[in-house]
Amino acid sequence: MTVSAVAGARQVPSLGFGEQVRGVLALRAGRQVDFLSEVIAKHGDIAWIRMLGMRMALVNHPAHFEHVLVRNHENYDKDAFLFRTVDPILRGGLIGVVGGEPWRRQRRLMQPSFHRPQIAGFVRNMTEESAVMLDRWDGQYGPRDIVNVSTELGQLSMRIVFRSLFGARVGDRGDIIEGMFLEANTIAGDYFRFPVPPLSWPTRKHNRLRQIIRQMDGYVDEVIAERDATGEEHHDLLAALMAATYDETDEHMSRTQLHREVLNLIIGGYETTSNSVSWLSYLVGKHPDVQERLHEEVDRVLGGRAPEFDDLAELGYTRMVVDEMLRLYSPSWQTMRRAIGDDEIGGFTIPAGSDIYLNVYTLHRHPEFWADPEAFDPERFRPEAVAARPKSAYLPFGAGPRNCIGKHFARTELTVILAMMVQRYRIEVPPELPDVEISPLITLQPKGGVHVRVTRR
Ligand code: HEM
């Protein structure tokens, strides 16, 4: 099912002065999603909001998302505030490149590395690394221990993305790199909330961000140089990217571009999945009924062995749980575009040059499309329920040509890790602990991490 835009050209409503001030305070306090929900409740699915002097159109209807990302995507690029903020880190890699031919060329080159057979080849990385983590839990945690699984699962996601990119050997430096990523996300996320002074100013935090970027650069350079020097055959993403050639010229990516893409894949592939598996543990640990059904399914389908790629189709309920987690806590909870030419979104006038703010967190709670939106209910993802909803009411991986290149990788990884965790353990969020709050940085993190008890089944 698709949705069409509302007819009749109108001016996008603007916030009053008092509301704008409240918005700035909410941003500073990290409570922007509450504020945005208030704006939507009062003004409807489209409104001009201001973030520290920058005016942007907040859009919230599935038809608006579809218009910007799919139907009229040619009129929207990534020369928008969010991507300018993170450009010192992404530097023209696939995630942040503005658009047009430079993006298309790069995407065409990289897409085959993310096709089904390639993803199937990565499943072993996922199962073996998960088994190493779970074996460690066996020796380390008793039924009374409360474990911060976010730390554990962060390391696991890092190892999986590194092993898929670079092969098995390089994963052991994951802890240091993970720490750097967390710090970079906090600095960039803070800056996005309050972009003063500019990143180019040498404040303590900005200098630290630059230092982290230099360290990551050094690391990626080292790995690529090692490959060049040894000339050994590898079966990983880096090898595929080094072998790939552009259609038009038959040439390989330059070393500079390869370096950028490797960093973009680490950035795109690590924190998103790391946060997702944390949220999965939280939701499953809070809902014993859902966990019972997961136990039944993994026991029936896997019978105690590790999942293989072909098993994933049989793990239908496990995948529904993953989908519902991605609705409530989509790590990629916001994005932006810039309108290249004048346009109308849902019948509202959008002048050329406008920044468009697409908030997936509120989209995924739109009351017209999601009954009782805060409730965790995997049944929403039964195939009949999915078919009855507009496709663009649910966009954890974006939509249109710039959707997530790693979405099959991510879905596979999340399903594998969840299946293996519940196969071995009963997960419980201790009832005495307060609910975990969201920390809306560049990705949506669980504030303070997720703490659970894991008991061997
Ligand atoms: C749960 C995990 C993930 C989520 C929720 C997620 C979400 C997204 C979203 C929403 C976009 C589009 C952003 C926009 O339209 O502005 C995107 C793009 C992208 N993602 Fe992911 N992602 C995930 C995992 C991954 C993984 C595992 C990789 C790579 C290994 C990856 C690499 C990328 C790249 C390179 C892009 C840019 C694609 C382009 O513009 O052509 N992501 N992701």
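Note that the structure is a prediction, hence the values are computed from the model and not measured.

Draft legend 1. The arrangement of the overall build of the protein chain in detail. From N to C terminus, the protein chain includes 16 helices and 12 strands. Structurally, the protein chain occupies a C-alpha span of about 60 × 55 × 45 Å along its principal axes. A separation of at least 24 residues holds for 74% of the contacts in the protein chain among residues at least 6 apart in sequence. For the protein chain, the exposed area adds up to about 19,600 Å²; of that, 53% sits on carbon and sulfur atoms.

Draft legend 2. Examining the sheet that holds strand β5 (residues 334-339) more closely. On the basis of which strands lie adjacent, the open sheet formed by five strands has the order β1-β2-β8-β5-β3 and mixed pairing. Both outer strands of the open sheet, β1 (46-51) and β3 (76-77), are each paired with one neighbouring strand and no more. Taken strand by strand, helix α2 (residues 32-43) contacts β1, β2 (54-59) and β8 (355-359), and its axis lies near 145 degrees from that of β1. Taken strand by strand, helix α3 (residues 62-71) contacts β1, β2, β3, β5 and β8, and its axis lies near 125 degrees from that of β8.

Draft legend 3. Structural detail: the UniProt feature "binding site: heme" (unreviewed entry) in the protein chain. In the numbering used here, UniProt assigns the feature "binding site: heme" (unreviewed entry) to C404. Following the sequence through the fold, C404 ends up in the loop between α15 (383-387) and α16 (407-424). With a relative accessible area of 30%, C404 lands in the partly exposed category. Filtering out sequence-adjacent residues up to four positions away, C404 remains in contact with R107 and F397.

Draft legend 4. Summary view of the sheet that holds strand β9 (residues 425-428). Read from one edge of the open sheet, three strands run β4-β12-β9, paired in antiparallel fashion. Looking at which strands have only one partner, the edges of the open sheet turn out to be β4 (147-148) and β9. Two elements, β4 and strand β12 (residues 451-456), share two bridges in a ladder whose sense is antiparallel. Note on β12: the bridge partner recorded for N148 is H451.

Draft legend 5. Region of the structure containing the nonpolar core. One finds I49, F166, V321 and Y357 to be the most contacted residues of the largest nonpolar core, which totals 126 residues. Residue contributions to this core peak at 12 residues, all from helix α11 (residues 255-286). Look past the residues within four positions of V321 in its chain and what remains in contact with it is L280, V284, V290, L294, F376, P378 and L418. Counting 19 residues, the second largest nonpolar core, distinct from the first, contains V12, I46, I350 and V360.

Draft legend 6. Molecular detail of the site of the ligand. Neighbouring the ligand are 27 residues; W103, R107, T335, R337 and C404 lie closest to it. In this structure, an oxygen atom belonging to the ligand sits 3.4 Å away from a side-chain N or O atom of K78. Only α5 (100-110), α11, β5 and α16 provide two or more residues apiece to the shell around the ligand. Along the lines of polarity and charge, the residues of the shell around the ligand split into 13 nonpolar, 10 polar and four charged.

Draft legend 7. Highlighting the pattern of salt bridges. Here the structure, examined in full by the defined rule, presents 40 salt bridges. Across the salt bridge formed by R91 and D217, the nearest N and O atoms sit 2.9 Å from each other. Highlighted residues: R91 in the loop between α4 (81-90) and α5 and D217 in helix α9 (residues 204-230), separated in sequence by 126 residues. You can call R91 partly exposed: its relative accessible area is 28%. Of the charged contacts, one joins R424 and D138 as a salt bridge, the two residues approaching to 2.8 Å between their closest N and O atoms. Of the two residues, R424 sits in helix α16 while D138 sits in helix α6 (residues 116-140), which places them 286 residues apart along the sequence. Assessed through its relative accessible area of 32%, D138 is described here as partly exposed. Among the charged side chains, a network of salt bridges with common partners joins E74, E101, R104, R105, R108, D247 and E248.

Draft legend 8. Highlighting the environment of L302. For L302, the position within the fold is in helix α12 (residues 288-302). Accessibility expressed as a relative area gives 3% for L302, which makes it buried. In this structure, the C-alpha to C-alpha distance between L302 and E314, residues 12 residues apart in sequence, is 9.4 Å. Apart from the residues within four sequence positions on either side, L302 is in contact with P307, D311, A419 and Q423.

Parameters at a glance
- Residues numbered from 1 in each chain as written.
- Predicted model: local features only at pLDDT ≥ 70, side-chain atom pairs only at ≥ 80, totals over all residues.
- Heavy atoms only, no water.
- Helix = DSSP H or I, 4+ residues; strand = E, 2+ residues; numbered from the N terminus.
- Contact = heavy atoms within 4.5 Å.
- Areas by Shrake-Rupley, 256 points an atom, 1.4 Å probe, with all protein chains shown as cover.
- Pairing = 2+ DSSP bridges.
- Axes fitted to C-alpha atoms, helices over the stretch in contact; angles between N-to-C directions.
- UniProt positions renumbered as here; feature names shortened; annotations may be inferred.
- Buried < 20%, exposed > 50% of the residue type's maximum accessible area, 1.4 Å probe, protein only.
- Core = buried A, V, L, I, M, F, W, Y, C linked by side-chain atoms within 4.5 Å.
- Near = heavy atom within 4 Å.
- Polar contact = N/O pair within 3.5 Å; in protein donor to acceptor, adjacent residues only side chain to side chain.
- Nonpolar A, V, L, I, M, F, W, Y, C, P; charged D, E, K, R; others polar.
- Salt bridge = Lys/Arg side-chain N within 4 Å of Asp/Glu carboxyl O.

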